[in-house]
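The primary structure of each chain is shown beneath.
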Number of protein chains: 2
Amino acid sequence: MEIKYSSCSSRTSSSEIRELLRYTRMKGVISFAGGLPDSSLFPTGQIARITKDVMEEKGLLALQYGPTPGEPEFVESLIHHMHNFDEVATSDQILVTSSSQQGLDLLSLALLDPGDEIVMELPSYLGAIQAFGRSGARMTGIQLGAAGMPSGELEELLRRKKDNGTPVKFIYVIPDFQNPSGVVMSLENRMRLLDIAARYDTLVVEDSPYREIRFTGTTMPSLWTLANGEGVIQLKTFSKMLFPGMRLGWIVAAKEIITKLALMKQSVDLCTPTFNQLIIARYINEGLMKATIERAVELYRQKSACMIAALEKNMPPYVRFTRPEGGMFLWVTLPEGADTKEMVEEAAANGVVYVTGRPFHCNGEGSNNMRLNYSYPSTEQIETGIARLAVTIRNYCEAKGLNHQNEIAGLAVQN
Amino acid sequence: MEIKYSSCSSRTSSSEIRELLRYTRMKGVISFAGGLPDSSLFPTGQIARITKDVMEEKGLLALQYGPTPGEPEFVESLIHHMHNFDEVATSDQILVTSSSQQGLDLLSLALLDPGDEIVMELPSYLGAIQAFGRSGARMTGIQLGAAGMPSGELEELLRRKKDNGTPVKFIYVIPDFQNPSGVVMSLENRMRLLDIAARYDTLVVEDSPYREIRFTGTTMPSLWTLANGEGVIQLKTFSKMLFPGMRLGWIVAAKEIITKLALMKQSVDLCTPTFNQLIIARYINEGLMKATIERAVELYRQKSACMIAALEKNMPPYVRFTRPEGGMFLWVTLPEGADTKEMVEEAAANGVVYVTGRPFHCNGEGSNNMRLNYSYPSTEQIETGIARLAVTIRNYCEAKGLNHQNEIAGLAVQN
């Protein structure tokens, strides 16, 4: 039988990250590819003990269906968690999601029609490109600077789209330790972005998985906070600051938007596991979340420093990279003309993997980029892996005649 | 800011069941509305103990991201579970889902474009109507008989649609203890349906949440089994036979279809919680699943008998109902002209709730029907609740002048 799939399906291609994830379980290969937190932080003993407590005290509730917007006890603990990081929301401004990828999925379902216009950073999170692209929306990218999305270009773009009769539906940004670049949007750019969005009647989607993971410098107020909740939809997840195996995230937005997204969630999965929500609610309420995040911050500070030192030691001068103040990733730029995809197999054969740059670009650029993750590998693996990667890059660039000091545009020159 | 939501969103209305779920947590109101299993079956002690074992033995794996198609250990346990109920699948024919509602969501995304034609039973599961309707597909219903979807009408419909140049994309059926009616499709109708579907090159979606819960009579082979996997997509879940609080389900289909659905799942939530998958894998592998299902079958046998006895004792003669051999629901038919939606508030005031018939009909009919759930309430609650419901119905029908013995068409006359 010849099956005719949907147009939505024909617009969906596989995520390179997901495909590369199998390497993370292969022996001998050091993976800088995934966005995985360090498993040594996982509080397995605490989770076993808390699960026992939850089963004893409210087991029947935990194993039953729950309300679509989220289990009230978990929602309260989310408010408490946000409060710990200087953020404020009320319970009707929160929708619990099964990971923040589901947040992207719900936004795609609730907001996007084929031909709709959205704006995002270049580069940006490939899972968002996948979820938004599925809908047939048109994505326009703005090259990221060292202080985030440049507001001049943003305003120019919004004006042009509006004049063309295709106003922009939303601006998607990752202001803190951007994935994949590690860049932080400056306070000035945050204020300007909100001002421009308000003037052009455009929603802002703030994807914020890494904000809590800052090693150095001062935490910036979120767009949600700066806008007093007006016109901003914030996506949050515990996958990065805690662990991803429970798939718990949440959306923060105005009550009316939450109501609409909750309606879409009904058709998507009815509700997020009550079991998981009650376990993590208790984890937060016992103060364990804050302690875990502090340990993660300390560990990732060391690992990022280790990776930067290894890059400085091993990489040829024509390779540039960002130096993040938090998060899990840094972004590497090779000379123009290089294609990191051509190097993947050679790298894997040398025992190291990364993610290529193109899937992070809604416009198909980024072939001379790669994203490196430092949260998952050990410091020993980082040192060995970066040495292997440097050999791979040198060989590739020499063979292609690219081994000269290049003028490298954009992100690579920051810091 | 005026937000313009998507056309997909404008086609989505709230599920009446979800709205009614809040009654299930209200004191004093007896709910026949939800599709909730009996919480007294929930193995809270075992889950606590198994979680501890999983955390000790493979905690780091359990709290990490997993592969999109499912955790291999869980997939193996699903094959083992299916084998216990005379079903066969290979690991590449299985996609783990976050509940079977997600199965419906993925089918909607992967297969349906606006204007596509699908066929389903009248009545059918309202969550499917919601997920499929969202896409803009056109749903045509065929009135269910006592032996399931009548094959003559199905063939006539498929022929007509094909002749019109709009061939039917898939036929959605719930062959075992259909939701909401409790009806089982006969072996003869199963064979005919598969024959017709094959001749018209139409996929069959077999939603099968209740098949394992049979109190009496002989279990029928599934469509998946009868078709040897050709052209059938089967949706499964543990929400009904075990408990729903972990949101675990799976799809069984040909490898090519599974690959396509897994790709859509990437954009939807990356993966189902590894934590939950490893806990339930162990629950199955220790033989506990089979024992739990046996207890559920025994309990629901008693409860369904109790509800039927209470209906026979209390209901006026102009009210008819089905007598299911398994599952969780029975279907009540009031005289033509009654609208069970008009009675909801009165019923709640009398301390009982049900789900109205219309949301189960893709054609907007069914106003004189209601679905009753007997798995969740206790036998005492069933007796009291049915007595309350009978009073409500009598009052309503008398006030409307409908309190006469009616010729009632369709389902109500079965058994």
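Residues numbered from 1 in each chain as written. Chains lettered and ligands numbered in written order. Predicted model: local features only at pLDDT ≥ 70, side-chain atom pairs only at ≥ 80, totals over all residues.

**Considering the packing of helix H5 (residues 100-111) of chain B against helix H10 (residues 255-269) of chain B**
Residue and element names in this part refer to chain B. The contact between H5 and H10 brings their axes to 9 Å, and the two run at 105 degrees. The angle between H5 and H10 falls in the class roughly perpendicular. Where H5 abuts H10, its residues Asp-105, Leu-106, Leu-109 and Ala-110 lie against Lys-260, Leu-261, Met-264, Lys-265 and Val-268. Considered class by class, the residues forming the contact of H5 with H10 number six nonpolar, no polar and three charged. (Axes fitted to C-alpha atoms, helices over the stretch in contact; angles between N-to-C directions. Helix = DSSP H or I, 4+ residues; strand = E, 2+ residues; numbered from the N terminus. Parallel < 35°, antiparallel > 145°, perpendicular 65-115°, else oblique. Contact = placed C-beta atoms within 7 Å. Nonpolar A, V, L, I, M, F, W, Y, C, P; charged D, E, K, R; others polar.)

**Structural notes on the domain arrangement of chain A**
Residue and element names in this part refer to chain A. Along its sequence, chain A is carved into domain 1 (7-42 + 291-413) and domain 2 (44-288). Between the C-alpha centres of domain 1 and domain 2 the distance comes to 25 Å. The partner domain 2 presents 38 residues to the 37 residues of domain 1 that form the contact. Ranked by the residues each element gives to the side of domain 1 that touches domain 2, the list is headed by helix H12 (residues 288-314), at eight residues. By residue class, the composition of the side of domain 1 that touches domain 2 is 18 nonpolar, 14 polar and five charged. (Domains from an automatic or database assignment.)

**Observations regarding the interface of chain A and chain B**
Listed as interface residues are 65 residues of chain A and, on the opposing side, 65 residues of chain B. Of all elements in the fold, only helix H1 (7-10), helix H3 (44-62), helix H5 (100-111), helix H6 (126-133), helix H10 (255-269) and helix H11 (274-285) of chain A reach the threshold of two or more residues within the side of chain A that touches chain B. Counting residues per element, the side of chain A that touches chain B draws most heavily on H3(A), which supplies 10 residues.

**Thoughts on the sheet that holds strand S13 (residues 369-373) of chain B**
Residues and elements named next belong to chain B. Read from one edge of the open sheet, four strands run S9-S10-S13-S12, paired in antiparallel fashion. Only two strands of the sheet have a single neighbouring strand rather than two, namely strand S9 (320-321) and strand S12 (355-356). Strand direction decides the pairing type here: strand S10 (residues 329-333) and S13, joined by five bridges, are antiparallel. Its bridge partner lying in S13, Trp-331 is registered against Arg-371. (Pairing = 2+ DSSP bridges.)

**Here's the deal with the pairing of strand S2 (residues 94-97) of chain A**
All names here are of chain A. The alternating pattern of S2 places Ile-94 and Val-96 on one face and Leu-95 and Thr-97 on the opposite face, and all of these are buried. Where S2 meets strand S8 (residues 249-252), four bridges bridge the pair, whose relative direction is antiparallel. If you follow Leu-95 over to S8, its bridge partner there is Ile-251. (Buried ≥ 20, exposed ≤ 12 C-beta atoms within 10 Å, placed from the backbone.)

**Re the environment of Ile257(A)**
Mapped onto the elements of the fold, Ile257(A) is located in helix H10. Look at Ile257(A) and you get buried, because 24 C-beta atoms sit within 10 Å. Separated by 162 residues in sequence, Ile257(A) and Leu95(A) place their C-alpha atoms 9.7 Å apart. If sequence neighbours within four positions are ignored, Ile257(A) has contacts with Ile233(A) and Ile3(B).

**A short note on the nonpolar core**
Val204(A) and Val204(B) are the most contacted members of the largest nonpolar core, which totals 250 residues. Here Val204(A) is in contact with Phe170(A), Ile171(A), Val173(A), Leu193(A), Leu194(A), Ala197(A), Leu223(A), Gly231(A) and Val232(A), once residues within four sequence places are set aside. (Core = buried A, V, L, I, M, F, W, Y, C linked by C-beta atoms within 7 Å.)

**A closer look at unusual backbone geometry**
Here the amide bond leading from Asn179(A) into Pro180(A) is cis, since omega sits at 15 degrees, within 30 degrees of zero. Relative to the helices and strands, Pro180(A) resides in the loop between strand S5 (168-173) and helix H8 (187-199). In this structure, Pro123(B) follows Leu122(B) across a cis peptide bond, with omega equal to 0 degrees. For Ser99(A), which is not glycine, the phi dihedral falls at a positive 85 degrees. Following the sequence through the fold, Ser99(A) ends up in the loop between S2 and H5. Accessibility expressed as a C-beta count within 10 Å gives 29 for Ser99(A), which makes it buried. Backbone geometry places Arg247(A), a non-glycine residue, at a positive phi of 55 degrees. Along the chain, Arg247(A) turns up in the loop between strand S7 (232-237) and S8.

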